[in-house]
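The lines below spell out each chain.
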Amino acid sequence: MPDNIAIEDAVLAASNVSKQVSSPEGSLTILSNVSFAIDKGDSVAVVGASGAGKSTLLALLAGLDLPTEGEIWLNGVNLTNLDEDGRAAIRAANVGFVFQSFHLVPSLNALENVMLPLELAGKDSPRQKALEILQQVGLAERWSHYPAQLSGGEKQRVAIARAFATEPAVLFADEPTGNLDSRTGGHVIDLMFELNRDSSTTLVLVTHDKSLAARCDRIIGLDGGRLVSDQRAAA
Ligand SMILES: Nc1ncnc2c1ncn2[C@@H]1O[C@H](COP(=O)(O)OP(=O)(O)OP(=O)(O)O)[C@@H](O)[C@H]1O
Ligand SMILES: [Mg+2]
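What you see is a predicted model, and the numbers here were worked out from it, not measured in a lab.

(A) Looking closely at the overall build of the chain. When you go through the chain residue by residue, the secondary structure sums to seven helices and 10 strands. For the chain, the C-alpha radius of gyration of 17 Å lies close to 18 Å, the compact-globule estimate for 235 residues. Counting only C-alpha atoms, the chain reaches 50 × 45 × 35 Å along its principal axes. Within the chain, the fraction of its 235 residues that count as buried is 48%. A separation of at least 24 residues holds for 65% of the contacts in the chain among residues at least 6 apart in sequence. On the chain, roughly 11100 Å² of surface is accessible, and the fraction owed to carbon and sulfur atoms is 47%. Put simply, the chain has 19 plus and 29 minus side-chain charges, and the middle of one group is 5 Å from the middle of the other.

Structural data, given as structure tokens:
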């Protein structure tokens, strides 16, 4: 661990993380020696060109995948020491994830999609909690609708409600507004910052949107799998 990174104080930390994958041309390095630590409650934008490694980094930070080298620490737990079941348990307790393509379960209605992580985390009154958070995102009347019956913006709000339902320590969002018009995207982002403020959830957002990145406390830049910039907003 580099001296300047205090994993104990960080909600999330990457220490010398590299990721290699095999390709027909041989081994390909998609992340190279990435280290940083994120404070609780911060909002962090991850920026960089297409192919820079942003989604790969997010998947590692969320424990969806393992690095080839280095360590990922989430809420004081070294994810790289855990097997898939162990990481799944840590994810259920600590992490929410909003994907660009929503990833709602098509056979479950809006309410059931939001209830799912609450049930997985063994929370009390999942139905009541799910209804409350759907209300917060303005979709209380649509609770019985299936994903196919919802617009893109509505699906994204259900995805955010689902990701926030367990009040995770960290919410990851990979281009959360990529599929939305700018007005709907703006609402969705306002909602994420509001929920971040109200529940002190740490936000880690991948975005190509400069104005969204500028709203974050910190901007981490990737280029060709390397960390090339790390800027903090003026307080
Ligand atoms: N499993 C894999 N096998 C081979 N190459 C991969 C794999 N996953 C990612 N890559 C490659 O690694 C690089 C980084 O991918 P990644 O999806 O992290 O980029 P990104 O920064 O999220 O890009 P975008 O902005 O387009 O979403 C890309 O060149 C991609 O093709
Ligand atoms: Mg990506």
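Still more to cover.
(B) Quick peek at the nonpolar core. Within the largest apolar cluster, 37 residues are counted, with the highest numbers of intra-cluster contacts made by V114, L134, V158, I160 and L205. Of all the secondary-structure elements, those providing two or more residues to this core are helix 3 (110-120), helix 4 (126-136), helix 5 (152-164), strand 7 (170-174), helix 6 (182-199), strand 8 (202-206) and helix 7 (210-214). Ignoring anything within four residues of it in the chain, the contact list for L134 reads A110, L111, V114, L139, A140, W143, V158 and A161. Of all hydrophobic cores here, the second largest spans 28 residues; its members include V17, V34, L58 and L61.

(C) Region of interest: the site of ligand 1. Near ligand 1 lie 13 residues; those nearest to it are I30, S50, G51, K54 and T56. In this structure, an oxygen atom belonging to ligand 1 sits 2.8 Å away from a main-chain N or O atom of G51. Measuring from an oxygen atom of ligand 1, one finds a backbone N or O atom of G53 at 3.0 Å. Across the complex, the protein chains shield 58% of the 640 Å² of accessible surface that ligand 1 would expose by itself. Breaking the shell around ligand 1 down by element, the ones donating at least two residues are strand 2 (26-39) and helix 1 (54-61). For the shell around ligand 1, a count of residues per class yields five nonpolar, six polar and two charged.

(D) Representation of unusual backbone geometry within the structure. Positive phi outside glycine occurs at N33, with the angle close to 55 degrees. Its location among the elements puts N33 in strand 2. Phi at N75 is positive, roughly 50 degrees, even though this residue is not glycine.

(E) Quick look at the packing of aromatic side chains. A full pass over the atoms with the stated rule returns two aromatic pairs. An angle of 15 degrees between the planes, with centres 4.3 Å apart, marks the rings of F97 and F99 as stacked. One Lys or Arg, R127, reaches over the ring of W143 and ends 5.5 Å from the middle of that ring.

Calculation rules
Residues numbered from 1 in each chain as written. Chains lettered and ligands numbered in written order. Predicted model: local features only at pLDDT ≥ 70, side-chain atom pairs only at ≥ 80, totals over all residues. Heavy atoms only, no water. Helix = DSSP H or I, 4+ residues; strand = E, 2+ residues; numbered from the N terminus. Rg over C-alpha atoms; globule rule 2.2 N^0.38 Å. Buried < 20%, exposed > 50% of the residue type's maximum accessible area, 1.4 Å probe, protein only. Contact = heavy atoms within 4.5 Å. Areas by Shrake-Rupley, 256 points an atom, 1.4 Å probe, with all protein chains shown as cover. Lys, Arg positive; Asp, Glu negative; His and termini not counted. Charge placed at Lys NZ, Arg CZ, Asp CG, Glu CD. Core = buried A, V, L, I, M, F, W, Y, C linked by side-chain atoms within 4.5 Å. Near = heavy atom within 4 Å. Polar contact = N/O pair within 3.5 Å; in protein donor to acceptor, adjacent residues only side chain to side chain. Nonpolar A, V, L, I, M, F, W, Y, C, P; charged D, E, K, R; others polar. Phe/Tyr/Trp six-rings, centres within 6.5 Å; stacked < 30°, edge-to-face > 60°. Lys NZ or Arg CZ within 6 Å of the ring centre and 35° of its normal.

Scope: geometric values only; no functional claims are made or implied.
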